[in-house]
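Residues per chain, in single letters:
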Amino acid sequence: RRGPAPAGPARPEARAAPSVEPPARRHLAVGPDENHRARRVRQAEHQHLRKHRADLPGREVDHRHHLPADQRGGRVVGGDPGRGAPLAQVARRAAKAGLGGLEALSGFPSTVGGAVFMNAGCYGVEIRDVLRSARLVGRDGARRRVTTVELEPAYRSTNLKRSGEIVTRALFELAPGEPAALLARIDELNARRWQSLPSGVANAGSVFRNPPGDYAGRLIDACGLKGTRAGAAEISPRHANVIVNTGGATARDVLTLMRRMRDEVAERFGVRLVPELMLLGDLVHDLDEAR
Ligand SMILES: Cc1cc2nc3c(=O)[nH]c(=O)nc-3n(C[C@H](O)[C@H](O)[C@H](O)COP(=O)(O)OP(=O)(O)OC[C@H]3O[C@@H](n4cnc5c(N)ncnc54)[C@H](O)[C@@H]3O)c2cc1C
């Protein structure tokens, strides 16, 4: 995929004639080395091409439901978002370049790698929906590229939690869109988010995973726990599934609230809440056992 197109005859797939208007999507790659550029991605095995273009082998083009293939535009985002790229920044950058799909994932603090690690999600979109592949480095230094499926993404989880591998690059499959509309969508979703979540006060996001078919926040709220405090930790008056640090809260304070949330929801609704937060240390075994 890098360097000039090889000489010689066009690849067979590039000559394939489609029966319908051929679609294409575009890809955004995020990673730390100088070759990590966003490009159109060629997917040889599925490609439907209306016309052959001589420079195709140097690009990456995909195969689904959006643009006609002859609207390919080569590199779509210049530069490299860099190491530890914040997902929100990448989403904005993609939107400005006319690439949509990350808007719903642009409202919380996370690097791209951290979001892939936990298959982060928001507003019904998870990162697995747009992630096509990732490059990993193992603890022994071994490098490999995996597809999204190989990461075994599930609700707020991937097998990276077990393997300990580090994400060094992510390739997203994004759909072309109007930059102004995509940026407006980001702003709209973020405004909605901050209406219901605490802002300007320290917190770690959602405390418990949503149980199937329901919301942890709704259940905790129904128990009347918003505003409940333990030491300097408080169940946010804005969102019942968030614990805020009002200043000097200890781990013990936070865990005291978590146990109360879990126990009251279990007693009232018969639902056992499972922590979404990653808990470390000796104090947490009873909270972690349901994981
Ligand atoms: C206020 C707030 C709101 C949040 N809202 C949401 C939300 O709406 N939806 C949602 O899904 N999540 C949400 N989160 C959680 C957040 O997406 C995750 O905690 C995410 O993992 C944070 O990424 P990070 O880069 O900050 O990682 P860190 O917090 O630094 O690390 C978190 C974990 O990710 C691992 N990790 C980090 N980078 C990599 C990498 N490159 N490769 C492999 N593993 C890595 C770390 O080892 C660690 O285990 C929220 C968090 C906060 C604080």
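Note: the structure precedes this text.
Predicted, not measured: the structure shown is a model, and the values here were computed from it. (Residues numbered from 1 in each chain as written. Predicted model: local features only at pLDDT ≥ 70, side-chain atom pairs only at ≥ 80, totals over all residues. Heavy atoms only, no water.)

### Thoughts on the overall build of the protein
For the protein, the helix and strand inventory stands at 8 helices and 13 strands. Taken over 291 residues, the protein has a buried fraction of 46%. (Helix = DSSP H or I, 4+ residues; strand = E, 2+ residues; numbered from the N terminus. Buried < 20%, exposed > 50% of the residue type's maximum accessible area, 1.4 Å probe, protein only.)

### Some words on the pairing of strand 9 (residues 166-176)
Taking burial as the measure, the 11 residues of strand 9 include 8 buried ones, the bulk of the element. Pairing of strand 7 (residues 131-137) with strand 9 involves 6 bridges; the strand directions are antiparallel. Residue pairing across strands places Val137 opposite Ile166, the latter belonging to strand 9. (Pairing = 2+ DSSP bridges.)

### Some points on the site of the ligand
In the region of the ligand, 20 residues are neighbours, and Thr111, Gly114, Gly121, Val167 and Arg193 sit closest. In the model, an oxygen atom of the ligand is placed 3.0 Å from a nitrogen or oxygen of the Ser110 side chain. Contact distances for the ligand include 2.7 Å between a nitrogen atom and a backbone N or O atom of Gly121. In isolation the ligand offers 940 Å² of accessible surface; the protein chains occlude 67% of this area. Listing elements by their share of the shell around the ligand, those giving two or more residues are helix 3 (112-118), strand 5 (121-122), strand 9 and strand 10 (202-206). (Near = heavy atom within 4 Å. Polar contact = N/O pair within 3.5 Å; in protein donor to acceptor, adjacent residues only side chain to side chain. Areas by Shrake-Rupley, 256 points an atom, 1.4 Å probe, with all protein chains shown as cover.)

### Details of the packing of helix 2 (residues 87-96) against helix 5 (residues 179-196)
One can describe the packing of helix 2 onto helix 5 by two numbers: an axis separation of 7 Å at closest approach and a directional angle of 155°. In terms of their interaxial angle, helix 2 and helix 5 are classed as roughly antiparallel. Between helix 2, through Ala91, Arg92, Ala95 and Lys96, and helix 5, the contact on the second element is made entirely by Pro179, Leu182, Leu183, Ile186 and Asp187. Its residues assigned to classes, the contact of helix 2 with helix 5 comprises 6 nonpolar, no polar and 3 charged. (Axes fitted to C-alpha atoms, helices over the stretch in contact; angles between N-to-C directions. Parallel < 35°, antiparallel > 145°, perpendicular 65-115°, else oblique. Contact = heavy atoms within 4.5 Å. Nonpolar A, V, L, I, M, F, W, Y, C, P; charged D, E, K, R; others polar.)

### Comments concerning the side chain of Glu173
Relative to the helices and strands, Glu173 is located in strand 9. Look at Glu173 and you get buried, because its relative accessible area is 7%. Within polar-contact distance, the side chain of Glu173 engages the side chain of Arg132 at 2.5 Å.

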